[in-house]
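Structural overview for review
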Amino acid sequence: MTRRRTKTLSDEDRSLWDEVKKTAIPLRASAKPVRHDQPVHLAPKAIERTEATKSLHQHIKEFELGSKAKTPKARHNLMPSISDDIMRAPLQMDHKKFGKMRRGKLAPEARIDLHGMTMAQAHPALTNFIISSHARGLRLVLVITGKGKDRDEGGPIPTRIGVLKNQVPHWLRSGPLRLLVMQVNEAHLSHGGSGAYYVYLRRSR
């Protein structure tokens, strides 16, 4: 069994290899694992950053979103009030008679009190009252709604005060009632003020 001869570099190859080694860039030694039982030594800049972070956390206090917000004293409702809406309605009845009605000089011939009813109860009651009053030939009737209570719970959509107070004028202007009603206006103080409506009916044929 013959031994394999070890090949040796010639002087020319060795000289070439030495030149190659000069151009090589040595790799950095891998970082040694840090043991948990040994203290960690931070560089001065790292210590400064750590101290700055601690100081920042000391100045920042815990807070709850909206905790500093102030409760508005008054809600902003951009919709016109029902009183303004009624006042802008075109005048359909006689001007002089309308003035007397607004001043409480015309006595209502019949009245209905919807105060305390739910919308489901008030709507058919109002409808029946207006139809029967028109059939009897009455001209001026009084619808009492009450001013209502403020039940707005502060949500994003404002809730108007007085559900019936706001719904009754819409009911009188829609459906079959709009063919019977000529004019709607808030009552005079002597007949309930803003908690009631004058309803002037058309002549029955």
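First, a word on what this report is: a plain description of the structure on this page. (Residues numbered from 1 in each chain as written. Predicted model: local features only at pLDDT ≥ 70, side-chain atom pairs only at ≥ 80, totals over all residues. Heavy atoms only, no water.)

This part covers the pairing of strand β2 (residues 140–144). Among the five residues that make up β2, four are buried, leaving the element largely enclosed by the rest of the structure. Here strand β1 (residues 110–113) runs beside β2; their pairing, made up of four bridges, is parallel. When the bridges of β2 are listed, A110 appears paired with V141. Crossover connection from β1 via helix α5 (residues 119–135) to parallel β2: handedness right-handed. Across five bridges, the pairing between β2 and strand β4 (residues 196–201) is antiparallel. The residue bridging V141 from the neighbouring strand is V199, located in β4. (Buried < 20%, exposed > 50% of the residue type's maximum accessible area, 1.4 Å probe, protein only. Helix = DSSP H or I, 4+ residues; strand = E, 2+ residues; numbered from the N terminus. Pairing = 2+ DSSP bridges. Right-handed = clockwise from strand over helix to strand, strands pointing away.)

Burial analysis of helix α6 (residues 163–172) places seven of its ten residues in the buried class, which makes it a mostly covered element. Among the residues of α6, L164, K165, N166, V168, P169, W171 and L172 are the ones counted as buried. Taken together, the buried residues of α6 touch α3 (82–87), α5, β2, β3 (181–186) and β4. (Contact = heavy atoms within 4.5 Å.)

The subject of this paragraph is the pattern of salt bridges. Inspection of the entire model under this criterion finds one salt bridge. Note that K165 is salt-bridged to E186, the shortest N-O span being 3.0 Å. Taken together, the residues span a long stretch of sequence, with K165 in helix α6 and E186 in strand β3 at a distance of 21 residues. Overall, E186 belongs to the buried group, its relative accessible area being 19%. (Salt bridge = Lys/Arg side-chain N within 4 Å of Asp/Glu carboxyl O.)

Our focus in this paragraph is the environment of N128. Mapped onto the fold, N128 is located in helix α5. For N128, a relative accessible area of 52% translates into the label exposed.

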